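Here is how the chains run, residue by residue.
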Amino acid sequence: MEIENVCVIGAGVMGSGIAQLAATHRYQVNLVDINEEILKKAKASIDKNLNRFFVAKNKISNEEADNILNRIHLITNRDEAINDVQIVIEAVFEDMALKQQLLSDLDEKCDKEVIIASNTSSLCITDMAMKAKNQERIVGIHFFNPAPVMKLIELIKGKNTSNEIMDRARQFSKTLNKTVVTVNDSPGFITTRLIYVLCNEAINMKQEGIANTEDIDTAVKLAFNFPMGPLELSDLVGNDIYLHIGEYLSEKLGKNYQPSPLLHEMVKDNQIGRKTKKGFYNY
Ligand SMILES: NC(=O)c1ccc[n+]([C@@H]2O[C@H](COP(=O)([O-])OP(=O)(O)OC[C@H]3O[C@@H](n4cnc5c(N)ncnc54)[C@H](O)[C@@H]3O)[C@@H](O)[C@H]2O)c1
């Protein structure tokens, strides 16, 4: 069954990026969120991104940018949005109960050939699919931010995901011009587990007074040729997000993943990073 129409649920940072990416690759996209205001804001930000990063750099024409925007349809009624699509990708908040409920609703309402995918960055697909009847069609398709630019997709095979769905999800991901890696379901997959450990260990070093913030970041950037230091990155992603990931990983994988006490303290003091203008750096 060829994919022509895509539904993306959640029009935040990731959902709007995924919608832009899919529409750029000529899919018709139904973009869903809880109200029209959020959807309009998402479309305005896609418009801005297309102009700033693609039209202004002569990568696409004005006409093509308009065509991409016209392929994105804003819909608040989820039942309407899943009508006649071949894949649904959810990008709602990172919350297990919310995603479990959403996936089971989608499973109940989507035609049986439809692929149901989650863009979770850390939660186990198997647990997330637990409440759905047809768990074989539920798969993780993990995009990176910004989705239209980043080259990688992690494709996550839940315990019950079928090989056929994996193949179809892989083919779809490749049509988006991404490099795909396959991961057997595990908390944090490859990328989130590794980047969390790096950032959390840097935060432990900072707490132990091994080096100051700037020196930890400079050492990592120059020694490993990373574009950004771990403390800068934690501020960018949000220290609250890393705390949340650390709590989940330590619950699932053991105490080696326990979030640094300094990370707890910073979140308690609202030093979340760029979002609150205060974190390891001031903004
Ligand atoms: N931000 C990142 O860098 C990043 C990268 C990869 C994956 N992810 C994952 O992508 C998902 C979304 O993250 P985000 O950063 O885009 O979040 P976000 O907060 O920017 O957006 C989430 C959106 O989901 C909407 N939403 C919530 N419940 C909904 C529902 N029931 N129906 C429709 N819409 C609903 C919200 O209104 C909001 O607009 C999370 O699972 C996150 O872990 C995030």
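Residues numbered from 1 in each chain as written. Predicted model: local features only at pLDDT ≥ 70, side-chain atom pairs only at ≥ 80, totals over all residues. Heavy atoms only, no water.

Side note on the environment of Ile-9
What counts is decided by this rule: For the purposes of this entry, the term helix denotes a DSSP run of H or I that reaches at least four residues, the term strand denotes a run of E that reaches at least two, and both are numbered from the N terminus. The contact definition used throughout considers only heavy atoms, calling two residues in contact when any of these lie within 4.5 Å.
Here Ile-9 lies in strand 1 (residues 5-9). Expressed as a C-alpha distance, the spacing of Ile-9 and Thr-218, which sit 209 residues apart in the sequence, is 38 Å. Ignoring anything within four residues of it in the chain, the contact list for Ile-9 reads Val-32, Arg-78, Val-88, Ile-89, Glu-90, Ala-91, Val-92, Leu-102 and Leu-106.

Describing the pairing of strand 2 (residues 28-32)
As a reminder of what qualifies: Remark: exposure states derive from per-residue accessible area (1.4 Å probe, protein chains only) relative to the maximum for the residue type, with buried under 20%, exposed over 50%, and partly exposed in between. A strand pair is defined by DSSP finding two or more bridges across the two strands. If the strands point away from the viewer and the path from the first strand over the helix to the second runs clockwise, then the crossover is right-handed.
Within strand 2, 4 of the 5 residues are buried, which leaves it mostly tucked inside the rest of the structure. By the bridge criterion, 5 bridges tie strand 1 to strand 2 in an arrangement that is parallel. When the sheet's bridge partners are listed, Asn-5 is paired in strand 2 with Gln-28. Taken together, strand 1, helix 1 (residues 13-24) and strand 2 form a β-α-β motif whose crossover is right-handed. Bridge count for strand 2 against strand 3 (residues 72-75) is 4 bridges, and the pairing is parallel.

Concerning the pattern of salt bridges
In plain terms, the rule: Every case where a carboxyl oxygen of Asp or Glu lies within 4 Å of a side-chain nitrogen of Lys or Arg is listed as a salt bridge.
Taken as a whole, this structure holds 13 salt bridges when the rule is applied. The closest approach of N and O atoms between Arg-26 and Glu-64, which form a salt bridge, is 3.9 Å. Highlighted residues: Arg-26 in the loop between helix 1 and strand 2 and Glu-64 in helix 3 (residues 62-70), separated in sequence by 38 residues. Salt bridges here are not isolated pairs; linked through shared partners, they connect Arg-26, Glu-64 and Arg-71.

Let's talk about the pairing of strand 6 (residues 138-142)
Here strand 6 lies mainly inside the structure; 5 of its 5 residues are buried. Across the two faces of strand 6 the burial is the same, with Ile-138, Gly-140 and His-142 and Val-139 and Ile-141 all buried. Sheet topology note: the strand 5 (residues 115-118)/strand 6 ladder contains 3 bridges and is parallel. Residue pairing across strands places Ala-117 opposite Val-139, the latter belonging to strand 6. Looking at chain direction, strand 6 and strand 7 (residues 152-157) are connected through 3 bridges and run antiparallel. In the sheet register, Gly-140 faces strand 7, and the bridge partner there is Ile-156.

Section: the domain arrangement of the protein chain
Inclusion rule: Domain start and end points were adopted from an automatic or database domain assignment. Summed over both partners, the accessible area lost on bringing two parts together, with a 1.4 Å probe, is the buried area.
When the domains of the protein chain are assigned, the result is domain 1 (5-184) and domain 2 (192-276). The straight-line distance from the C-alpha centre of domain 1 to that of domain 2 is 28 Å. Counting from both sides, the interface comprises 8 residues of domain 1 and, opposite them, 5 residues of domain 2. Summed over both partners, the interface of domain 1 with domain 2 comes to about 470 Å²; 48% of that surface belongs to carbon and sulfur atoms. Run the count over domain 1 and domain 2 and you get 1 salt bridge. Note that Asp-127 is salt-bridged to Lys-252, the shortest N-O span being 3.0 Å.

A few points about the sheet that holds strand 8 (residues 179-184)
The criterion, for reference: Each axis is a line fitted through C-alpha atoms, taken for helices only over the stretch in contact, and angles between the N-to-C directions span 0 to 180 degrees.
Taken together, the 8 strands give an open sheet; going across it, the order is 3-2-1-4-5-6-7-8, and neighbouring strands pair in mixed fashion. A strand with exactly one partner marks an edge of an open sheet, and here the two such strands are strand 3 and strand 8. Between one strand axis and the next, the sheet turns by 25 degrees as a mean value, whatever way the strands run. Against the sheet, helix 7 (residues 163-175) makes contact with strand 1, strand 4 (87-90), strand 5, strand 6, strand 7 and strand 8, and its axis sits at roughly 170 degrees relative to strand 7, the strand it touches most.

So, a positive patch on the surface
Short version of the rule: Any residue with relative accessible area above 30% and no salt bridge may belong to a patch, with like charges joined within 9 Å and the nonpolar Val, Leu, Ile, Met, Phe, Trp and Tyr side chains within 5 Å. Per-residue accessibility takes into account occlusion by the displayed protein chains alone, with areas from the Shrake-Rupley method and a 1.4 Å probe. None of His or the chain ends enter the tally, which takes Lys and Arg as positive and Asp and Glu as negative. By convention, the charge on Lys lies at NZ, on Arg at CZ, on Asp at CG and on Glu at CD.
Residues Lys-48, Arg-52, Lys-57, Lys-59 and Lys-151 make up a contiguous surface patch of positive charge. Take Lys-57: it is sitting in the loop between helix 2 (36-55) and helix 3. By relative accessible area, Lys-57 is classed as exposed at 51%.

With respect to helix 1
We count it as follows: Multiplying 1.5 Å by the residue count of a helix minus one yields the expected span of that helix.
With 12 residues, helix 1 extends 17 Å between its outermost C-alpha atoms, agreeing within 8% with the 16 Å of an ideal straight helix rising 1.5 Å per residue. When you tally the buried positions in helix 1, you get 10 out of 12 residues, the bulk of the element. If you check which residues of helix 1 are buried, you get Met-14, Gly-15, Ser-16, Gly-17, Ile-18, Ala-19, Gln-20, Leu-21, Ala-22 and Ala-23. Its buried side turned inward, helix 1 meets strand 1, strand 2, helix 2, helix 3, strand 3 and strand 4. Positive backbone phi, at 75 degrees, marks Arg-26, one or two positions downstream of helix 1.

Some details on the site of the ligand
Under the convention used in this document: The criterion for a residue being near a molecule or strand is simple. One of its heavy atoms has to lie within 4 Å of it. Three classes are used, and their members are as follows: Ala, Val, Leu, Ile, Met, Phe, Trp, Tyr, Cys and Pro are nonpolar, Asp, Glu, Lys and Arg are charged, and the others, Gly among them, are polar.
The full set close to the ligand counts 20 residues, and Met-14, Asp-33, Glu-94, Lys-99 and Ser-121 are the nearest of them. Sorting the residues of the shell around the ligand by element identifies helix 1 and helix 5 (96-109) as the ones contributing at least two each. When the residues that make up the shell around the ligand are grouped by side-chain class, the tally is 10 nonpolar, 7 polar and 3 charged.

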